[in-house]
Amino acid sequence: MRTTDLRKRCERRIDTLWLPARFGIGEVCERLESHVGRRIELIPMALPPASPLGLLITDERGHSVIYEESASPIHRQQIIFHELAHLLLGHTGEPIGDDRRHCLFVHIDHQIEGQVLARSCGSTEQEAEAEMTATLLLQRAHRSSQPVTVAADPAIADIVQRLDNSL
């Protein structure tokens, strides 16, 4: 799939959230909770070195986004947006099953039936969609929080505005 087609498809999905001009992770979670009809919980965790930096766990109680607590703020946002993108895009993961010996699943109650989606579990297409959507959300969130400064020269100001609009 071409990158421009992927980007357009992901932008259309983001637009279904009707995000305000200024938003952060909290607003995306609120809109997405309404969109999917279930609660979303963000859980920072010290994940083992060989594990993915983010996981989406879905069970009968809702959706849990587990992310590496030591990630830098911008990387943490990308990880969280990536996992939330899986929800927005309707991606599904692998069943949790009975084998909960894996170090990432020890916190999951043994009676819970659900599924987990991690970078190693999803298809390449799902991961590309989630990463593109996360990047677009991150760009929009940061653009909305930082005012664009415009040069005094009108010709330069026009160029700066067009560049900003193209990002």
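Residues numbered from 1 in each chain as written. Predicted model: local features only at pLDDT ≥ 70, side-chain atom pairs only at ≥ 80, totals over all residues. Heavy atoms only, no water.

Q: Is there a simple way to think about the overall build of the chain in this case?
A: Check the secondary structure of the chain and you find five helices and five strands. The secondary structure elements of the chain, listed N-terminal to C-terminal, are α-α-β-β-β-α-β-β-α-α. A total of 167 residues make up the chain; the buried ones form 39% of that total. Of the roughly 9,500 Å² that the chain leaves accessible, carbon and sulfur atoms contribute 55%. (Helix = DSSP H or I, 4+ residues; strand = E, 2+ residues; numbered from the N terminus. Buried < 20%, exposed > 50% of the residue type's maximum accessible area, 1.4 Å probe, protein only. Areas by Shrake-Rupley, 256 points an atom, 1.4 Å probe, with all protein chains shown as cover.)

Q: So what exactly am I meant to see when it comes to the nonpolar core here?
A: Nonpolar side chains in soluble globular proteins tend to end up buried together. Within the largest apolar cluster, 26 residues are counted, with the highest numbers of intra-cluster contacts made by Val 28, Leu 32, Ile 40, Phe 81, Leu 84, Leu 87 and Leu 137. Elements that contribute at least two residues to this core include exactly helix H1 (3-15), helix H2 (25-36), strand S3 (62-68), helix H3 (73-88) and helix H4 (124-145). If we ignore the near neighbours within four places in the chain, the residues touching Leu 137 are Ile 14, Leu 19, Phe 23, Val 28 and Phe 81. (Core = buried A, V, L, I, M, F, W, Y, C linked by side-chain atoms within 4.5 Å. Contact = heavy atoms within 4.5 Å.)

Q: I'm lost on H1 in this one. Help?
A: Residues lying three or four places apart along an α-helix face the same way, a consequence of the helix completing one turn every 3.6 residues. Counted at 1.5 Å a residue, the expected span for H1 with its 13 residues is 18 Å, and the 18 Å between its end C-alpha atoms agrees. Along H1, the residues classified as buried are Leu 6, Cys 10 and Ile 14. When H1 is viewed along its axis, its buried side chains cluster within an angular range of 70° and face the same direction. (Expected span 1.5 Å × (residues − 1). Arc of directions from axis to C-beta.)

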